[in-house]
Structure formats: structure tokens, C-alpha cells
Amino acid sequence: MRLETLTAPLQKAIMDQYSRLLCKFDPENTGYISTEKFRTLLQRYGSELDPHKLEVLLALADNNSDGKICYQDFVNLMSNKRSNSFRQAILQGNRRLCSKALLEETGLTLSQRLIRHVAYETLPREIDRKWYYDSYTCCPPPWFMIAITIVEVAFFLYNGVVLDRFVLQVTHPLYLKNSLLYHPQLRAQAWRYLTYIFMHAGIEHLGLNVILQLLVGVPLEMVHGAARIGFVYIAGVVAGSLAVSIADMTAPVVGSSGGVYALISAHLANIVMNWSGMKCQFKLLRMAVALICMSFEFGRAVWLRFYPSAYPPCPHPSFVAHLGGVAVGITLGVVILRNYEQRLQDQSLWWIFVSMYMVFVLFAIFWNIFAYSLLDLKLPPPP
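Numbering of residues starts from 1 in every chain and runs along the sequence as written. Owing to the predicted nature of the model, reporting of local features is limited to residues with pLDDT of at least 70; listing and counting of side-chain atom pairs is limited to 80 or more, with chain, interface and lining totals taken over all residues. Side-chain numbers come from the whole structure's heavy atoms, not from hydrogens or water.

Student: Teacher, can you tell me more about the environment of I148 here?
Tutor: What counts as a helix is a DSSP run of H or I of at least four residues, what counts as a strand is a run of E of at least two, and both are numbered from the N terminus. Tracing the backbone through its elements, the reader meets I148 in helix α8 (residues 143-163). The buried label goes to any residue with under 20% of its type's maximum accessible area, the exposed label to any with over 50%, and the partly exposed label to all in between, with areas taken from a 1.4 Å probe on protein chains only. Accessibility expressed as a relative area gives 12% for I148, which makes it buried. Separated by 50 residues in sequence, I148 and F198 place their C-alpha atoms 8.9 Å apart. Once residues within four sequence positions are removed from consideration, I148 is found in contact with I197, F198, Q213 and Y233. Every residue pair with non-hydrogen atoms within 4.5 Å of one another is taken to be in contact.

Student: Sorry, what's going on with the pattern of salt bridges here?
Tutor: Think of it this way: side chains of opposite charge can pair up when their charged atoms draw near. Whenever Lys or Arg places a side-chain nitrogen within 4 Å of a carboxyl oxygen from Asp or Glu, that contact is recorded as a salt bridge. Under the defined criterion, the tally for this structure stands at 2 salt bridges. Between D248 and R305 there is a salt bridge; the shortest N-O distance is 2.9 Å. With D248 in the loop between α11 (226-247) and α12 (257-273) and R305 in helix α13 (residues 283-306), the pair connects residues that are 57 residues apart, well separated along the chain. Here D248 falls in the buried class, since its relative accessible area comes to 11%. R300 is paired through a salt bridge with E297; the nearest N and O atoms lie 2.9 Å apart. Residue R300 and its partner E297 are both found in helix α13; the two are separated by 3 residues, about one turn of the helix. Both residues of the pair, R300 and E297, count as buried.

Student: Looking at this model, I keep getting lost on the side chain of R300. Mind explaining?
Tutor: According to the relative accessible area criterion, R300 is buried, its value standing at 14%. If we skip the residues at most four places from it in the chain, R300 touches A201, E204 and H205.

Student: Explain the state of the cysteines to me, please; I cannot follow it from the model alone.
Tutor: One covalent bond between the sulfur atoms of two cysteine residues makes up a disulfide. Note that a disulfide, as used here, is simply two cysteine sulfur atoms within 2.5 Å. A complete count under the given rule lists 0 disulfides for this structure. The thiol of C138 is not disulfide-bonded; the next cysteine sulfur, from C139, is found 7.9 Å away. Given the relative accessible area of 43%, C138 is considered partly exposed.

Student: Is there a simple way to explain the nonpolar core in this structure?
Tutor: What tends to happen in soluble globular proteins is that the nonpolar side chains get buried as a cluster. Y132, M145, Y175 and Y233 are the most contacted members of the largest nonpolar core, which totals 82 residues. In terms of residue count, the dominant contributor to this core is α11 (11 residues). For Y233, the residues in contact, after removing those within four places along its chain, are F144, M145, I148, E152, I197, Q213, S256, G259, V260 and L263. Here, nonpolar core means buried Ala, Val, Leu, Ile, Met, Phe, Trp, Tyr and Cys residues that are tied together by side-chain atoms lying within 4.5 Å of each other.

Student: Would you mind showing me how to read helix α15 (residues 348-374) here?
Tutor: What sets the pattern is the α-helix's 3.6 residues per turn: residues three or four places apart point alike. A helix's residues, less one, multiplied by 1.5 Å, set its expected span. Taking 1.5 Å of rise per residue, 27 residues should cover 39 Å, and α15 covers 38 Å from first to last C-alpha, within 8% of that figure. Given a residue, its bend is the angle between the two axes fitted to the seven residues that end at it and to the seven that start from it. Its maximal kink placed at N368, α15 deviates by approximately 40°. Where α15 is concerned, the buried positions are W350, F353, V354, Y357, V361, A364, N368, A371 and Y372. Buried residues in α15 make contact with α9 (192-195), α11 and α14 (320-338). Trailing α15 by a residue or two, D376 shows a phi angle of about 50°, which is positive.

Student: Got a minute to help me understand the UniProt feature "transmembrane region" (unreviewed entry) in the chain in this structure?
Tutor: Here, the residues flagged by UniProt with the feature "transmembrane region" (unreviewed entry) are residues 143-161, 193-218, 230-247, 253-272, 284-307, 319-337 and 349-375. Helix makes up 100% of residues 143-161 and strand 0%. Its end C-alpha atoms lie 27 Å apart. The span residues 193-218 is 73% helix and 0% strand, and its two end C-alpha atoms sit 24 Å from each other. UniProt positions are given in the numbering used here, feature names are shortened, and annotations may be inferred rather than shown by experiment.

Given below as C-alpha cells:
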């Protein structure tokens, strides 16, 4: 039985039992016990623990160079806290893992097979996959990607009814009057840099974005959590609209492609960087299909951008938001996906990429304030 699936009182009772045992092995109350005693404790009383978690703890005891184990490290590991002790246990356990792979285990229920499938889709190390398999409880469920998709579809259907058009809505003369999309003449309305994701060029645009963000975003959220995946998605969205305001200054922006491309590019980059460890089936074929879908959607956006506009002199929406999302995905996104259950604030690359992102945002803000007037750019009239 998994420790995480036990009721709260029973889980607390098990932890209290280990606390008393650790105190017994540490009569001087130093907070540490020798690795030899710790290993004896695990072997004697480890039946209450997940077998995969026990593997990691034993490996940590075998390989700890200090010759002692801190009780707080043990508590952090048992509660799945993103800590340095967790990272140490994962690294040591990965070296010492010798039991059969999770993929070889039999007698699993449908939900357990789904969790195992998600683990192999997203995590490159076997010990990470086993730890995730034992820890995942579907509480909370992957609500962010599902909720954002429902809202996007709802706004699209509403606009379809109002405009009486579902295919290439963007060509309707009243399309630009919506208060959600980004328009260069209305760039002072800051909410538009984010809310443009609820407007799509047509059902062909919405459909591909929704399929990609559900197929990729939901499994990633199941593993890394709503906060981390939501951050990558929103950062890609904001970077997309800011990139358009710098590189394609006369064009509006619609669609969630910035966020979608941030997630997909981070996932694909993580697969490439951990190619030998990723055990998802047909990974080369699936990468090719994902790149073809992304290329098709990007090509559609480029074609639409230069297609004769239905509301001259304002052009059709820009494609540059896609590139802003990719930039976020291969920087911030990759750092997040490579650090499963580890504190991001402990990673130097995290702070480097966050700093780069903040510099870009500040540059874009000043650009939007001063560059348009300094360049004496002729913008399309407000809708």
C-alpha cells in the first residue's frame, strides 16, 4: 500500500512510529543516525513503505558519504518535498536501481497503467518514474489545461454565434472589435497581452491548438503540477504578444499558440536532451508528427498574415507569437521539465533564464512606450 494513499491519521501514525524509532537509534538527540543503523531500520520496518520509495532510501543509505542520515531529510523524502535531500536520493537511487523496471510490472489496474504511461511519456529516469508512480494521487487533477481549454472553446463558440461564422472568423469585418484580442492601437490596455488567447482565427486554428495543448499539456501537468505548467504556458502567451509588439508592430494577435508552443517545444527539447532515457513508444515517429503539426499550424499563420486583409489597412494577425512561445519553451520550460520534484530556486539556470525573461519583458514595455512614437510608425486605425 502506498503511504500517500493512506488516510491522514494512519500516515501520521506511521511517521510517528519512525520518529520514535529514529529517536531510539539516536539517544543523544543529535538529529542524525548512522547510515548502518538507518539501513537496519529500513530493512526491519520498511514493509509500510512503497517498495520503490524503499529502494531509493536504501540506496541513499548505501551511498551517503557523510556516514549519517538526517531525520529531517527522511521527513522531506517521505512527504515528497522539493528539496536537496530529494535530489540526492534520486541521484543515488538512480545509480543503484537494480530491480525490474516499472514497465515490467503486471497486474496493474487501468488507472495505474495510465499513470505508468504518463510517467514514461514525460520522465527520463526510471527512479523518477517509479517515484512519480508511487506518489501520484490525482489530487488535485490536471485542472489548469482542462479549464483553459474549456474557456477558449466557450469564447470561440460565443464569437461564432455572434459573427455567424466559425471558419476563418478572422476575416469577418467585426472581428477586431472584440475587447480581448491584442491590437497595436490599443496596446495600452494591458489585459490584451494575455486575453488574446481566447480569440482564434477560426475553427481550424482552435482545433489544432486544443488538440496539441491537451495531448501535451495534460500529461505534463499531471507530472509537474498546475503551478509549473501554468507558469510556462502563461509566460509563453505573454512573450508571444510582446514579441509581436516588437517584431511585427502593425499586426494584431489572436490564439493560444504562444502558450501551446512553449509547452510543446519544452517537451520536445527535453526528449532530445534525454533521448536514451526517454522510453516512450515510437518517440522518433511521434516527434516527427508533432513537428509536422507545429509546422502546419505555423505555416497556416504565416499564410494568413500575408493574405489580403478583410479590414485594410490593418493586416491579419501575426505569426510571431509562435516564436515567442518557442523561446520560452526551450529556456524556462526545459529547466522546469528537467527538474522533477526539485526546487527551482536551487537551480542556477532557472535564475539565469528568469532574469533573461524579465529583461525581455522590461525591454518590451519600454519599446511599447517609446519606440512607436520615435519610429513615427503608421499604425492601422483602432477598430
